[in-house]
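Architecture and fold: a report
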Amino acid sequence: MAWVYWGRLYNTKFQASCLAKRMEEDWWIYGYECPQIVEIYCSKKGRYGVRYLL
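Here's what I pulled together on the structure shown here.

Definitions and cut-offs
Residues numbered from 1 in each chain as written. Predicted model: local features only at pLDDT ≥ 70, side-chain atom pairs only at ≥ 80, totals over all residues. Heavy atoms only, no water. Helix = DSSP H or I, 4+ residues; strand = E, 2+ residues; numbered from the N terminus. Expected span 1.5 Å × (residues − 1). Buried < 20%, exposed > 50% of the residue type's maximum accessible area, 1.4 Å probe, protein only. Arc of directions from axis to C-beta. Core = buried A, V, L, I, M, F, W, Y, C linked by side-chain atoms within 4.5 Å. Contact = heavy atoms within 4.5 Å. Salt bridge = Lys/Arg side-chain N within 4 Å of Asp/Glu carboxyl O. Polar contact = N/O pair within 3.5 Å; in protein donor to acceptor, adjacent residues only side chain to side chain.

Now for helix α1 (residues 13–25). With 13 residues, α1 should cover 18 Å at 1.5 Å per step; its first-to-last C-alpha distance of 18 Å lies within 8% of that length. Of the residues making up α1, those classed as buried are Ala16, Leu19, Ala20 and Met23. Down the axis of α1, the buried set is contained in an arc of 100°. They therefore lie on one face.

See the structure below:
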């Protein structure tokens, strides 16, 4: 399995963590498949993103 990266990077870790929590808790509302693992990562430029495994 490969990581699926969310298409946007955020300036703060807090913003990325809010998205990650929404993906974990509210996946069924938006029609996403249930992610097994949701992770926050830091890019080389210091911005934060979210990636997940289905």
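Okay, back to it.
Take the nonpolar core next. The biggest cluster of nonpolar side chains holds 8 residues, and these are Tyr10, Ala16, Leu19, Ala20, Met23, Val38, Val50 and Tyr52. Those elements that place two or more of their residues in this core are α1 and β3 (48–53). When residues of this core are assigned to their parent elements, the largest contribution, 4 residues, is made by α1. Discounting residues that sit within four places of it in the chain, methionine 23 has contacts with Trp6, Pro35, Val50 and Tyr52.

The next thing to look at is the pattern of salt bridges. As enumerated under the stated definition, the model contains 2 salt bridges in all. A salt bridge links lysine 21 to glutamate 24; the shortest N-O distance between them is 3.4 Å. Within this pair, lysine 21 and its partner glutamate 24 are both found in helix α1, separated by 3 residues, close to a single helical turn. For the salt bridge of glutamate 39 with arginine 51, the shortest nitrogen-to-oxygen distance reads 2.3 Å. With a gap of 12 residues between them, glutamate 39 in strand β2 (residues 37–42) and arginine 51 in strand β3 connect regions that are remote in the sequence. Residue classification places glutamate 39 among the partly exposed residues on the basis of a relative accessible area of 27%.

Further remarks concern the side chain of arginine 51. The buried category is assigned to arginine 51, whose relative accessible area is 18%. Side chain to side chain, arginine 51 and tyrosine 5 meet in a polar contact 3.0 Å long. Not counting residues up to four positions away in its chain, the partners in contact with arginine 51 are Trp3, Val4, Tyr5, Ile37, Val38, Glu39 and Tyr41.

One can find leucine 19 in helix α1. Sequence spacing of leucine 19 and tryptophan 6 is 13 residues, and the spatial spacing of their C-alpha atoms is 9.6 Å. The residues touching leucine 19, leaving out its near neighbours within four places in the chain, are Trp6, Tyr10 and Val50.

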